Amino acid sequence: MLSASDAGRIGRLVLPKKCAEAYFPPISQPEGLPLRVQDSKGKEWIFQFRFWPNNNSRMYVLEGVTPCIQNMQLQAGDTVTFSRMEPEGKLVMGFRKASSTSQSDQDNETSQTGDGVSANGDADLGPSPLV
DNA sequence: AGCCATGCACCG
DNA sequence: CGGTGCATGGCT
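Rules used in this analysis
Residues numbered from 1 in each chain as written. Chains lettered and ligands numbered in written order. Predicted model: local features only at pLDDT ≥ 70, side-chain atom pairs only at ≥ 80, totals over all residues. Heavy atoms only, no water. Near = heavy atom within 4 Å. Polar contact = N/O pair within 3.5 Å; in protein donor to acceptor, adjacent residues only side chain to side chain. Helix = DSSP H or I, 4+ residues; strand = E, 2+ residues; numbered from the N terminus. Nonpolar A, V, L, I, M, F, W, Y, C, P; charged D, E, K, R; others polar. Phe/Tyr/Trp six-rings, centres within 6.5 Å; stacked < 30°, edge-to-face > 60°. Buried < 20%, exposed > 50% of the residue type's maximum accessible area, 1.4 Å probe, protein only. Lys NZ or Arg CZ within 6 Å of the ring centre and 35° of its normal. Pairing = 2+ DSSP bridges. Axes fitted to C-alpha atoms, helices over the stretch in contact; angles between N-to-C directions. pLDDT = per-residue confidence, 0-100. Contact = heavy atoms within 4.5 Å.

1. Thoughts on the protein's contact with DNA strand C
Part 1 of the reasoning: Every residue lining DNA strand C is accounted for by Arg12, Arg50, Trp52, Pro53, Asn54, Asn55, Met59 and Glu63.
Part 2 of the reasoning: In the model, a phosphate oxygen of DNA strand C is placed 2.9 Å from a nitrogen or oxygen of the Arg50 side chain.
Part 3 of the reasoning: Between DNA strand C and Asn54 there is a distance of 2.9 Å, counted from a base oxygen to a side-chain nitrogen or oxygen.
Part 4 of the reasoning: Sorting the residues of the surface near DNA strand C by element identifies β3 (44-54) and β4 (57-63) as the ones contributing at least two each.
Part 5 of the reasoning: When residues of the surface near DNA strand C are assigned to their parent elements, the largest contribution, 4 residues, is made by β3.
Part 6 of the reasoning: Classifying every residue of the surface near DNA strand C by side-chain character gives 3 nonpolar, 2 polar and 3 charged.

In C-alpha cells, the structure reads:
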C-alpha cells in the first residue's frame, strides 16, 4: 500500500523487505538494478530497484515511480501489486484503488502463461542468500 | 527486536 | 536550494 511519502513527489516507493526479496531479483550493490515492469494496460515502466543500508539490514526502494503513479492516478492508500510471470521472469504490476465505497478493483489479468508465482524451491530455507 | 515511514544532513 | 542517501522514531 502506498504511503504518503510513496505517493508524494519524491518519486521513491519504499518496498517491504519480504516482498522485495521474494519477488525481485537479488541485489548485492546499493545501486541495484533497473527493472522493466509491465502494467495491466501493457504499458512498460522502468524503475530503479535499489536498497539503502539501514541499521544492520536493508531498506528496499523503487525509484522513478512518479510517471507511473501519475499515469495511473494513484494516491496514498492505494495498493500496488507486483507479480512475476514464470518462466519468462517478466514482472507485471497492478493496482487497487483505496476507495472502499467505489470498488474500483483493477487486478492484472494478463492471461499469459497463467502461472502467477512459483519457481521458488527454497521456501523454507530462511532468508534469501546474498552474494 | 526489527521494519518501515519519514525527517534531515550533507553534497551538487 | 533540491535531492540522495541515511538515521531515527513510531509501531508491530
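From this point, the discussion proceeds with the structure in view.
2. Digging into the environment of Thr81
Part 1 of the reasoning: Its place among the elements puts Thr81 in strand β5 (residues 79-85).
Part 2 of the reasoning: In the structure, Thr81 is positioned 13 residues away from Gly94 in sequence and 5.1 Å away in space, judged by C-alpha atoms.

3. Looking at the protein's contact with DNA strand B
Part 1 of the reasoning: Around DNA strand B sit Ser3, Ala4, Ser5, Arg12, Val14, Pro16, Lys17, Asn54, Ser57 and Met59, and those are all the residues in its vicinity.
Part 2 of the reasoning: Among all atoms of DNA strand B positioned within 4 Å of the protein, those belonging to sugar or phosphate total 68%.
Part 3 of the reasoning: One of the side-chain N or O atoms of Ser3 is found 2.9 Å from a phosphate oxygen in DNA strand B.
Part 4 of the reasoning: For DNA strand B, a phosphate oxygen lies 2.6 Å from a polar atom in the side chain of Lys17.
Part 5 of the reasoning: Listed by contribution, the elements that provide at least two residues to the surface near DNA strand B are α1 (4-7), β1 (12-15) and β4.
Part 6 of the reasoning: Broken down by class, the residue content of the surface near DNA strand B amounts to 4 nonpolar, 4 polar and 2 charged.

4. Quick notes on the packing of aromatic side chains
Part 1 of the reasoning: This model, assessed by the stated rule, comprises 4 aromatic pairs.
Part 2 of the reasoning: Between the aromatic rings of Phe24 and Phe82, the centroid separation amounts to 5.4 Å while the plane-to-plane angle is 65°, which identifies the pairing as edge-to-face. With Phe24 in the loop between α2 (17-23) and β2 (33-38) and Phe82 in strand β5, this residue pair connects regions lying 58 residues apart in the sequence. Taken as a pair, Phe24 and Phe82 share a single burial class, namely buried.
Part 3 of the reasoning: Here Arg58 stacks its cationic end above the ring of Phe51, 3.9 Å away from the centre of that ring.

5. Some remarks on the sheet that holds β5
Part 1 of the reasoning: The sheet built from 6 strands is open, its strands ordered β1-β4-β3-β2-β6-β5 with mixed pairing. Each having just a single partner strand, β1 and β5 make up the two edges of the open sheet. This sheet shows a mean twist of 40° between the axes of neighbouring strands, independent of strand direction.

6. What about the confidence of the model for chain A?
The predicted structure's coordinates, where accompanied by low pLDDT, should not be read in detail.
Part 1 of the reasoning: For chain A, the mean per-residue pLDDT works out to 81, and 76% of the residues sit at or above 70.
Part 2 of the reasoning: Counted against residues more than four places away or in other chains, residues 109-131, with its pLDDT under 50, gives 18 contacts.

7. Observations regarding the environment of Glu44
Part 1 of the reasoning: Within the secondary structure, Glu44 is located in strand β3.
Part 2 of the reasoning: Separated by 24 residues in the primary sequence, Glu44 and Cys68 place their C-alpha atoms 9.2 Å from one another.
Part 3 of the reasoning: Setting aside residues up to four positions removed in sequence, Glu44 forms contacts with Arg36, Val37 and Gln38.
Part 4 of the reasoning: For Glu44, the side chain forms a polar contact with the side chain of Arg36, separated by 3.4 Å.

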